[in-house]
Amino acid sequence: MNFKFLLFLILPLSLSAQLIKGTVYDAVTNETLASVNVYFSGTSKGTITDFDGNFEIPYYDNSQSVFTISLLGYVSQSFNDPTHTDFSNIRLQPKVGELPAVFLNPDPWSREKKEQYFIKQFLGTTLIAKQCTILNLDKIKMRFNPSTGKMIAFAQEPVLIENRDLNYLVTYDLADFEITFKAYRSNPLEDPSYTMYSSFFVGSAFFKELDENKADKGWVKRHRKRAYKVSEVRLFKLMASGEFEKEGYKLFFKRKKVSFDKHVRSRKRGNRYVLDFRETQYDIMDSKNFQSTIYLEESKLIVSESGNVINYPVLKTGGFVSYLKVSGMLPLDYELK
């Protein structure tokens, strides 16, 4: 069973478009900072500060993303309500070099083995993932703890992903990453072997064109459209909007096809939806016959208008949607044309 948590999200605000302006400083030297990344997490809406540390970015309607300010070597800052925040004097704190952690249990796994697990559980295992490269893989620290059966990964800088299939350069601030393994022994006297049980990661992403000259190419549009049609955000957007079965999706409970309306109720609450489920586990087949499974720790999901699950900790996914990972992600502001 695989599952993933991808983005920090907040409840949206119904506000007309307006400009968000500010200035970013070094908290220690009081000097302004240039080239600071300023963006809405999970989208392609972003900018950088000028030579004087100033930035200006439009707030777009129905944004469901955390507003993030980050720069390599500094502690990032995130804001849930950017339209009601004073950005005239934002101060980023320089990161202090961390001392290596002391672990009681030695790590028996090679760097190569841990990288293989990380790449598959972070990028995914679809054909799109094969067209992705992590540009700074060497900056990601990984460790397997045999006593807990968990592998963790973390980085002091954003993970940079080159997605050639979708023509995106993705900057991903990895907040947490963990893979859980189950140990087994064929012989009590032998060292245990491990099989992967589940994976988890969370962070915030920013998308920009990998190659601006290819952005309007027909093949790029086709690939993005193909990725969107099988994406997790589209799945939950269709559930919320009541178009699940209309778009060729089928719902199964205990291997039997069931009526969506009799098992799922969608209620609009402002700029979000509340999905109530009769059961806590369902199988889903999309129009391409890709099969997925959803596991719910609670019978209620809160979904944004763009299809992101806001109370993501209660959701686990298996099957096809769990294979997509970061490689199958599209910006929240992506529009199917």
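Because the structure is a prediction, the values reported are computed rather than measured.

## Focus on the pairing of strand 17 (residues 272–277)
- Judged by how many residues are buried, strand 17 sits mostly within the fold: 5 of 6 residues are covered.
- Here strand 16 (residues 264–269) runs beside strand 17; their pairing, made up of 6 bridges, is antiparallel. Each residue of the ladder has a partner; that of K268, found in strand 17, is Y273.
- With antiparallel pairing between neighbouring strands as the criterion, strand 16 and strand 17 make up a hairpin whose turn holds 2 residues, including G270 at a positive phi of roughly 65°.
- Sheet analysis places strand 17 next to strand 20 (residues 300–304), joined by 5 bridges and oriented antiparallel. Following the sheet pairing, V274 is matched in strand 20 by I302.

## Looking at the sheet that holds strand 17
- Overall, antiparallel pairing links the 3 strands, which are arranged 16-17-20 in an open sheet. Either end of the sheet is taken by a strand with one partner, and the two such strands are strand 16 and strand 20. Going across the sheet, the axis of each strand differs from the next one's by a mean of 25°, ignoring polarity.

## Examining the side chain of T126
- For T126, the position within the fold is in the loop between helix 1 (111–123) and strand 8 (132–134).
- Sequence-distant contacts of T126, that is, excluding residues within four places in its chain, are made with F320, Y323, L324 and S327.

## Examining helix 3 (residues 232–241)
- Burial analysis of helix 3 places 7 of its 10 residues in the buried class, the great majority of the element.
- Residue S231 occupies the N-cap position of helix 3, its side-chain oxygen lying 3.2 Å from the main-chain nitrogen of R234.
- Two residues or fewer after helix 3 comes G242, characterised by a positive phi angle close to 80°.

## As for the layout of surface pockets
- Quantified by volume, the second largest pocket comes out at close to 580 Å³.
- At the level of secondary structure, the elements contributing two or more residues to the lining of the second largest pocket comprise strand 2 (37–40), strand 5 (67–70), strand 10 (150–155), strand 12 (168–184) and strand 13 (193–209).
- When residues in the lining of the second largest pocket are grouped by element, the largest group, 7 residues, is from strand 12.
- For the lining of the second largest pocket, the class distribution of residues is 16 nonpolar, 10 polar and 5 charged.

## With respect to the pairing of strand 10
- The alternating pattern of strand 10 places M151, A153 and A155 on a buried face and K150, I152 and F154 on a face that is not buried.
- Summarising the sheet, strand 9 (residues 140–145) and strand 10 pair through 6 bridges and their orientation is antiparallel. When the bridges of strand 10 are listed, M142 appears paired with A153.
- In textbook terms, the turn of a hairpin is the stretch between consecutive antiparallel strands, and for strand 9 and strand 10 this stretch comprises 4 residues, one of which, G149, has a positive phi near 70°.

## Examining the environment of V202
- Among the secondary structure elements, V202 is positioned in strand 13.
- Classification of V202 by relative accessible area gives buried; the value is 8%.
- For V202 and Q93, which are 109 residues apart along the polypeptide, the C-alpha to C-alpha distance reads 22 Å.

## Some thoughts on the nonpolar core
- One finds F118, F122, I140, I161, Y172 and F177 to be the most contacted residues of the largest nonpolar core, which totals 35 residues.
- Of all the elements in the fold, those that place two or more residues in this core are helix 1, strand 8, strand 9, strand 10, strand 11 (159–163), strand 12, strand 13 and helix 2 (218–229).
- By residue number, the principal contributor to this core is strand 12, which donates 7 residues.
- Ignoring sequence-local partners within four residues, the contact set of F177 consists of F118, Q121, F122, M151, I152, A153, F200 and F201.
- Ranked by size, the runner-up nonpolar core spans 25 residues in total, among them A240, V258, Y273 and Y282.

The rules behind these values
- Residues numbered from 1 in each chain as written.
- Predicted model: local features only at pLDDT ≥ 70, side-chain atom pairs only at ≥ 80, totals over all residues.
- Heavy atoms only, no water.
- Buried < 20%, exposed > 50% of the residue type's maximum accessible area, 1.4 Å probe, protein only.
- Helix = DSSP H or I, 4+ residues; strand = E, 2+ residues; numbered from the N terminus.
- Pairing = 2+ DSSP bridges.
- Axes fitted to C-alpha atoms, helices over the stretch in contact; angles between N-to-C directions.
- Contact = heavy atoms within 4.5 Å.
- Polar contact = N/O pair within 3.5 Å; in protein donor to acceptor, adjacent residues only side chain to side chain.
- 1 Å grid on protein atoms, 1.4 Å probe; cavity = no way out; pocket = protein on both sides within 12 Å on 5 of 7 lines; lining within 4 Å.
- Points joined across faces, edges and corners; volume = space filled by probe spheres on them.
- Nonpolar A, V, L, I, M, F, W, Y, C, P; charged D, E, K, R; others polar.
- Core = buried A, V, L, I, M, F, W, Y, C linked by side-chain atoms within 4.5 Å.

This is a description of form; function is not addressed.
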